[in-house]
Amino acid sequence: MKRNTIYLSVVCIALSMILICVPVMAEGGGGGDGSGMGGGRNTDVSSILAGLSEIKFILGGLVALTGLILLRTIKINRNIRTLLMCVVFVLFGMLVIMHQPSPLRAVVDPITDFVIGSTITLKKTTALIFIGSLSVIGAKLFCGWVCPFGVLQEIVNRIPAPIGKKIKLPFKISNGIRILIFAISLIMVLITGSDLYTYHNILNPFELFEWHFELVLAVLVGAVLIASIFVYRPFCYLVCPVGLLTWLLEHVSIFRVRLLRELCNDCNKCIRMSPCPSVEAILNGDKLLPDCFACGVCISACPKDALEFGVWRSKSGQK
Ligand code: SF4
Ligand code: SF4
């Protein structure tokens, strides 16, 4: 079973790599100016090779694969996850070559380009497909294991809250705010041609990794990090368009946190230990499930092994 899981994980990651390469190769197949998907076809061999050989996608895929295997085969140890999150932060946050375009731009820019009828570049599309593919393979494998700003918030969330208790935001409210911000941004794109998130970077903390030291960025990042002490991943749940996209993709993810109902004795230890609002909804069988960031806390907290990061089955197909 464990070996099958590893094989399945490797196949899934290989599949995602193929998905990433398809648009690159498709671009290379035709003629044109190399400007992007919306314009002429790309014959610039160097840009094709650059797209294919970007180390960040390979490393990102490997980190996600590691996360998937850890979630599937052993109970995630808090120290191992913390160590991996620090590695991800250094790798994809601090090393400048590893985060272009940022996850936020990878999602927002193609939408903006599409709405205003502009050329969608190969670089941005590849990053978007990478994020989407990982998220389809496993719920939030990108956000939970590869995004540098996501892991930064999660690392800060490990600081004990001065009020003695962490806050779990009601998902209907946090998701409503996230959707509202996205809708306002879309309207803004239609009217002005610019999106809300990157307008003077008022909602774009990823600029932090470009080493831009602006007041607006300092206020945004400072506010998010202070909030992260009290709330699990506040930017992800309340603002991030990538979070919104990957939350939608969670509905079709192959691997997700699953409850094995017959093993559960309703002790609720997983709910008490988990930082997110998702576990309670999973246990209650709610239709509206909050984002699960695949941290594994609930899985390792359960004394009955009643939670797993398993292949999703419809209700009728569940064990
Ligand atoms: S929701 Fe946004 S900030 Fe959070 S992990 Fe995903 S991409 Fe990163
Ligand atoms: S604790 Fe929450 S975020 Fe972490 S794996 Fe469980 S449901 Fe997902």
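Scroll up to find the structure this text is about.
(A) A look at the overall build of the chain. Along its length, the chain carries 15 helices and two strands. Counting only contacts in the chain whose residues sit at least 6 apart along the sequence, the fraction spanning at least 24 positions is 72%.

(B) Region of the structure containing the environment of glutamate 280. Looking at where glutamate 280 falls in the secondary structure, it is placed in helix α14 (residues 278–284). Along the backbone, glutamate 280 and asparagine 268 are 12 residues apart, and their C-alpha atoms lie at a distance of 8.3 Å.

(C) Expanded view of the site of ligand 2. The local shell around ligand 2 consists of Val257, Ser274, Cys276, Ser278, Val279, Cys292, Phe293, Ala294, Cys295, Gly296, Val297 and Cys298. Looking at the shell around ligand 2, the elements that each hand over two or more residues are α14 and α15 (297–301). Broken down by class, the residue content of the shell around ligand 2 amounts to nine nonpolar, three polar and no charged.

(D) Inspection of helix α9 (residues 171–192) at higher detail. Taking 1.5 Å of rise per residue, the 22 residues of α9 would be expected to cover 32 Å, and the 31 Å separating its terminal C-alpha atoms lies within 8% of that figure. Burial in α9 covers these residues: Phe171, Ser174, Arg178, Phe182 and Ser185. One face of α9 carries all of its buried residues, which in axial projection span an arc of 85°. Residues of α9 that are exposed and point over 90 degrees away from its buried face: Lys172, Ile173, Gly176, Leu180, Ala183, Ile184, Ile187, Leu190 and Ile191. Those residues of α9 that are buried lie in contact with α11 (234–238) and α12 (241–250). Glycine 193 lies just past α9 and shows a positive phi near 85°.

(E) Highlighting the packing of α9 against α12. Packing of α9 against α12 leaves a shortest axis separation of 10 Å and a crossing angle of 115°. Relative to α12, the element α9 is oriented roughly perpendicular. The handedness of the crossing between α9 and α12 comes out as left-handed. Along its contact with α9, which presents Arg178, Ile179 and Phe182, the element α12 presents Pro241, Gly243 and Leu244. Residue composition of the contact of α9 with α12, by class: four nonpolar, one polar and one charged.

(F) Summary view of the site of ligand 1. In the vicinity of ligand 1, the contacting residues are Pro103, Cys143, Cys147, Phe149, Gly150, Arg233, Phe235, Cys236, Cys240, Val242 and Gly243. Elements supplying a minimum of two residues to the shell around ligand 1: α8 (148–157), α11 and α12. Here the shell around ligand 1 is built from residues that sort into eight nonpolar, two polar and one charged. Residue-level mapping places the shell around ligand 1 at the junction of two domains, with at least three residues from each of domain 1 (2–157) and domain 2 (171–248).

(G) Main features of the pairing of strand β1 (residues 255–259). Most of β1 is tucked away: four of the five residues are buried. In this structure, β1 lies alongside strand β2 (residues 307–311), joined through five bridges in antiparallel fashion. Within the sheet, the bridge partner assigned to leucine 259 lies in β2 and is leucine 307.

(H) Examining the environment of serine 274 more closely. Within the secondary structure, serine 274 is located in the loop between α13 (269–273) and α14. On the neighbour-count criterion, serine 274 (23 C-beta atoms within 10 Å) is buried. Setting aside residues up to four positions removed in sequence, serine 274 forms contacts with Val279, Val297, Cys298 and Ala301.

Calculation rules
- All residue numbers refer to positions counted from 1 along the written sequence of the respective chain.
- Written order decides the labels, with chains lettered from A and ligands numbered from 1.
- For a predicted model such as this one, the threshold for reporting local features is a pLDDT of at least 70, and the threshold for listing and counting side-chain atom pairs is 80 or more; totals across whole chains, interfaces and linings nevertheless cover every residue.
- Note on conventions: DSSP H or I runs of at least 4 residues are helices, E runs of at least 2 residues are strands, and numbering of each starts at the N terminus.
- Two residues qualify as a contact pair if the distance between their C-beta atoms, derived from the backbone, is within 7 Å.
- For each residue, a C-beta atom is positioned from the backbone; the residue is called near a molecule or strand if that atom sits within 6 Å of it.
- Polarity classes work like this: nonpolar for Ala, Val, Leu, Ile, Met, Phe, Trp, Tyr, Cys and Pro, charged for Asp, Glu, Lys and Arg, and polar for all others, with Gly in that last group.
- Given a helix with a known number of residues, its expected span is that number minus one, times 1.5 Å.
- Three exposure classes are used. Buried residues have 20 or more other C-beta atoms within 10 Å of their own C-beta, exposed residues have 12 or fewer, and partly exposed residues fall in between, all C-beta atoms being placed from the backbone.
- Here, the arc refers to the directions that run from the helix axis to the C-beta atoms.
- Note on definitions: angles span 0 to 180 degrees between N-to-C directions of axes, and those axes are lines fitted to C-alpha atoms, for helices only across the stretch in contact.
- Every angle not falling under 35 degrees, over 145, or within 65 to 115 is termed oblique; those three ranges are roughly parallel, roughly antiparallel and roughly perpendicular.
- Helix crossings get a hand from a simple test, with the near helix turned counterclockwise from the far one by less than a right angle marking a left-handed crossing and a clockwise turn marking a right-handed one.
- Domain start and stop positions are those given by an automatic or database domain assignment.
- Strands are labelled as partners when DSSP assigns at least two bridges between them.

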